[in-house]
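Survey of secondary and tertiary structure
Given next are the chains, with one letter for each unit.
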Amino acid sequence: MDQLGFSFRPPERRIWTVRDLVASVRTHIEREYSDAWVEGEISNLRAQNSGHLYFTLKDQSSQISIVMFRSSARLLRFRPADGMQVVVRGRVTVYEERGQLQMTAEYVEPKGAGALQIAFEQLKAKLEAEGLFDAERKKPIPALPSAIGIVTSPQAAALRDILQILQRRHHSVNVLIYPAQVQGEAAPLEVAAGIRYFNKARTVDVIIVARGGGSAEDLAAFNNEPLARAIAGSALPVISAVGHETDFTIVDFVADLRAATPSAAAELVIRSRQEVEEQVERLGGRLGKAMRYRLLMGRQHLTELAQHGAFGRMMDVIRRRQQRVDDLTNRLAHGQRDRFEAQRRRFETLAAAVRHYDLRLVLAGVGKELNAKVAAMAAALRNLLLQRRSRLERLTSQMEALSPVAILERGYALVFDSSGKLVKDAAQVEAGDDVTARLARGQIAATVKSKSAK
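Residues numbered from 1 in each chain as written. Predicted model: local features only at pLDDT ≥ 70, side-chain atom pairs only at ≥ 80, totals over all residues. Heavy atoms only, no water.

1. Structural notes on the packing of helix α4 (residues 157–169) against helix α8 (residues 262–269)
Rule in force here: Angles run from 0 to 180 degrees between N-to-C directions of axes, and those axes are lines fitted to C-alpha atoms, restricted for helices to the stretch in contact. Helix and strand assignments come from DSSP, with helices taken as H or I runs of at least 4 residues and strands as E runs of at least 2, each series counted from the N terminus. Any angle that falls under 35 degrees is termed roughly parallel, while one over 145 is termed roughly antiparallel, one within 65 to 115 roughly perpendicular, and all others oblique. In this scheme the crossing of two helices becomes right-handed for a clockwise turn of the near helix relative to the far one and left-handed for an anticlockwise turn of less than a right angle. Here, two residues are considered to be in contact whenever any of their heavy atoms come within 4.5 Å of each other.
The N-to-C vectors of α4 and α8 enclose an angle of 30 degrees; their axes lie 8 Å apart at closest approach. With respect to their mutual orientation, α4 and α8 come out roughly parallel. For the pair α4 and α8, the sense of crossing is right-handed. For the pair formed by α4 and α8, the contact residues are Ala-158, Asp-161, Ile-162, Ile-165, Leu-166, Arg-168 and Arg-169 on the first element and Pro-262, Ser-263, Ala-266, Glu-267 and Val-269 on the second.

Structure, rendered in structure tokens:
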């Protein structure tokens, strides 16, 4: 108490545990910075096998640790890399194990160029380095395919354009359509499934992947790595007909042939019927002239050979060889007849020997022996059953002699108190207690009137 009458108390000390203090700070920070946007440069990027991303976001004087869990990282359209300027959106928090300030990222976008363009360039560079764009691995497109497979949306205008052109150019060609989405997250999986289906079924000679034009976001499904690898691994030639002439996707580079538009793909995949007929007519004329010329030259050459003396000598040799062939033919015919006659005589001898062998007598003897063995076995089984039955009856008699029920048959009874315990001593009950007596047949309830220790 001081001279003015006021009382001063020192402030109370609150002692925190480290965990409680960090948790309190974390709660406060997460509440204040639950949705923050931060710009900086990526460094120390680590991609774990679990799918989580860890990196540091820094500027000229400061840095903060970033963690992006798999559920968010798998939605990224580009691959983050050290040195890349990005904008990160997420929640600021504290990692309690180390008491370290960090940010849980939910969205990352590159600074400057769009995410789709960066993803496109990254995937293009990767596949090009692997040789998937090389001209040596491109498969030739058959000139007159008997069947064409089209992977696209059944409602797409591109499909109608392709079918109309195919009908006009060569109406007899068969077309198989594999329905697939051509926009959205499920589109790459469905288009790749169509490629694999046609390769497994082997019902077409060439495959067209078609989609009409659209924005970069609309065509993003065709910048997908698994889809590109499915096309590169196709045993059937694949034609890419995605977007307009100015649109380029990863599928265009991997496919065996790129068509500027879906309509152009229909014109490239098969030649028109008129072109084929004209070419066949031209080739037929050339073939007729060539055959007539060859026949004329052959006739002239044959005439020259026929006038040569060696030709007469050659005819003598041919006639002698013909006579030799006739002689060998006659000898072969006689030899075959002699062999068939010998085989016939041998067969008749064997048939006569078999007829003297009566199989029924053998079977009768075997039957008698089998019946005797069955009878002996039945007798042995009867003896064994009689022995087992005698032993069972003996054991049953012994068991019945030892059974408490057999004792009750001689007039004895088992007495139980009210709790169900067997009464062996009069001291277990008192006068007035209820008891139950078990007899040989049935039981009775009674009340103790008196008891005696004797």
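2. Quick look at the sheet that holds strand β9 (residues 238–242)
The condition is simple: Pairing between strands is defined by DSSP: at least two bridges between them are needed.
If you walk across this open sheet you meet the 5 strands as β7-β6-β8-β9-β10, and the pairing is parallel. At either margin of the open sheet sits one strand with a lone partner, and together these are β7 (174–179) and β10 (257–258). Pairing analysis gives 6 bridges linking strand β6 (residues 147–152) to β7, with the strands arranged parallel. When the bridges of β7 are listed, Val-151 appears paired with Tyr-178. Sheet strands touched by α4: β6, β7 and β8 (206–211). Its angle to β6, the strand with the most contacts, is close to 165 degrees.

3. Observations regarding the nonpolar core
Test applied: To form a nonpolar core, buried Ala, Val, Leu, Ile, Met, Phe, Trp, Tyr and Cys residues must be joined to one another through side-chain atoms within 4.5 Å. Burial classes: relative accessible area under 20% of the type maximum marks a residue as buried, over 50% as exposed, and values in between as partly exposed (1.4 Å probe, protein chains only).
With 31 residues, the main nonpolar core has Leu-127, Ile-207, Phe-222 and Ile-231 as its most contacted residues. Among the elements of the structure, α3 (115–129), β6, α5 (187–201), β8, α6 (225–232), β9 and α7 (250–254) are those that each provide at least two residues to this core. Here the element with the most residues in this core is α5; it accounts for 5 residues. If we ignore the near neighbours within four places in the chain, the residues touching Ile-231 are Arg-137, Ile-195, Val-238, Val-251, Val-254 and Ala-255. Residues Ala-36, Leu-53, Met-68 and Phe-78 belong to the second largest nonpolar core, which totals 23 residues.

4. A few points about the packing of aromatic side chains
We count it as follows: Pairing of aromatic rings covers Phe, Tyr and Trp, the last counted by its six-membered ring, and requires centre-to-centre distances within 6.5 Å; plane angles under 30 degrees mean stacked, over 60 mean edge-to-face, and any other angle means tilted.
Evaluated as defined, the whole model comprises 5 aromatic pairs. Summarising the aromatic geometry, the rings of Trp-37 and Tyr-107 are spaced 6.2 Å apart at their centres and angled 70 degrees between planes, so their arrangement reads as edge-to-face. Of the two residues, Trp-37 is situated in strand β1 (residues 36–47) and Tyr-107 in strand β5 (residues 100–110); the sequence distance between them amounts to 70 residues. A residue is classified by how much of its surface remains accessible, and Trp-37, at 49% relative accessible area, is partly exposed. By relative accessible area, Tyr-107 is classed as partly exposed at 36%. Relative to Tyr-197, the ring of Tyr-178 lies with its centre 5.6 Å away and its plane at 35 degrees, an arrangement referred to as tilted.

5. Notes on the side chain of Lys-139
Basically, it comes down to this: A 3.5 Å cut-off defines polar contacts: any pair of N or O atoms within that distance qualifies, except that in protein one atom must be a possible hydrogen donor and the other a possible acceptor, and neighbouring residues in sequence count only when both atoms are side-chain atoms.
Within the secondary structure layout, Lys-139 lies in the loop between α3 and β6. Taking relative accessible area as the criterion, Lys-139 reaches 19% and is therefore assigned buried. A distance of 3.0 Å separates a polar atom in the side chain of Lys-139 from the backbone oxygen of Ser-234. Residues in contact with Lys-139, not counting those within four places in the same chain, are Ala-232, Ser-234, Ala-235, Leu-236, Pro-237 and Asp-256.

6. A few points about the environment of Glu-96
Along the chain, the position of Glu-96 falls in the loop between β4 (85–95) and β5. It is 9.4 Å that separates the C-alpha atoms of Glu-96 and Val-18, two residues lying 78 residues apart in sequence. Among all residues touching Glu-96, those that are not within four sequence positions of it are Arg-19, Val-22, Ala-23 and Arg-26.

7. Topic: the sheet that holds β1
Taken in spatial order, the 5 strands line up as β1-β2-β3-β5-β4 and close into a barrel, and their pairing is mixed. On average, adjacent strands in this sheet sit at an angle of 50 degrees to one another, irrespective of strand direction. Across 10 bridges, the pairing between β4 and β5 is antiparallel. Residue pairing across strands places Val-87 opposite Glu-109, the latter belonging to β5. On top of the sheet, helix α1 (residues 18–32) reaches β4 and β5; it is set at about 140 degrees to β4, its chief contact.

8. Focus: α6
To keep it simple, the criterion reads: Directions are taken from the helix axis to each C-beta atom, and the arc is the one they span.
Turning to α6, its buried residues number three or more, namely Leu-227, Ala-228, Ala-230 and Ile-231. End-on, the buried residues of α6 take up no more than an arc of 160 degrees, which puts them together on one face. You can read the cap of α6 off the contacts: a side-chain oxygen lies 3.0 Å from the backbone nitrogen of Leu-227, and it is on Asn-224.

9. Let's talk about the pattern of salt bridges
Heads up, the rule is: Salt bridge, as used here: a side-chain nitrogen of Lys or Arg that lies within 4 Å of a carboxyl oxygen of Asp or Glu.
Per the counting criterion, the structure on display carries 18 salt bridges. Linking Arg-344 and Glu-341 is a salt bridge whose minimum nitrogen-to-oxygen distance equals 2.2 Å. With a gap of 3 residues between them, Arg-344 and Glu-341 both fall in helix α10 (residues 309–355), about one helical turn apart. For Arg-344, a relative accessible area of 39% puts it in the partly exposed group. Residue Glu-341 is classed as partly exposed on the basis of its relative accessible area, which comes to 32%. Arg-345 is the partner of Glu-341 in a salt bridge, and the nearest nitrogen-oxygen pair spans 3.6 Å.

10. Details of the environment of Arg-441
Considering the arrangement of structural elements, one finds Arg-441 in the loop between β12 (434–438) and β13 (443–447). Taking relative accessible area as the criterion, Arg-441 reaches 68% and is therefore assigned exposed. Taking C-alpha positions, Arg-441 is 8.4 Å from Glu-409, a pair spaced 32 residues apart along the chain.

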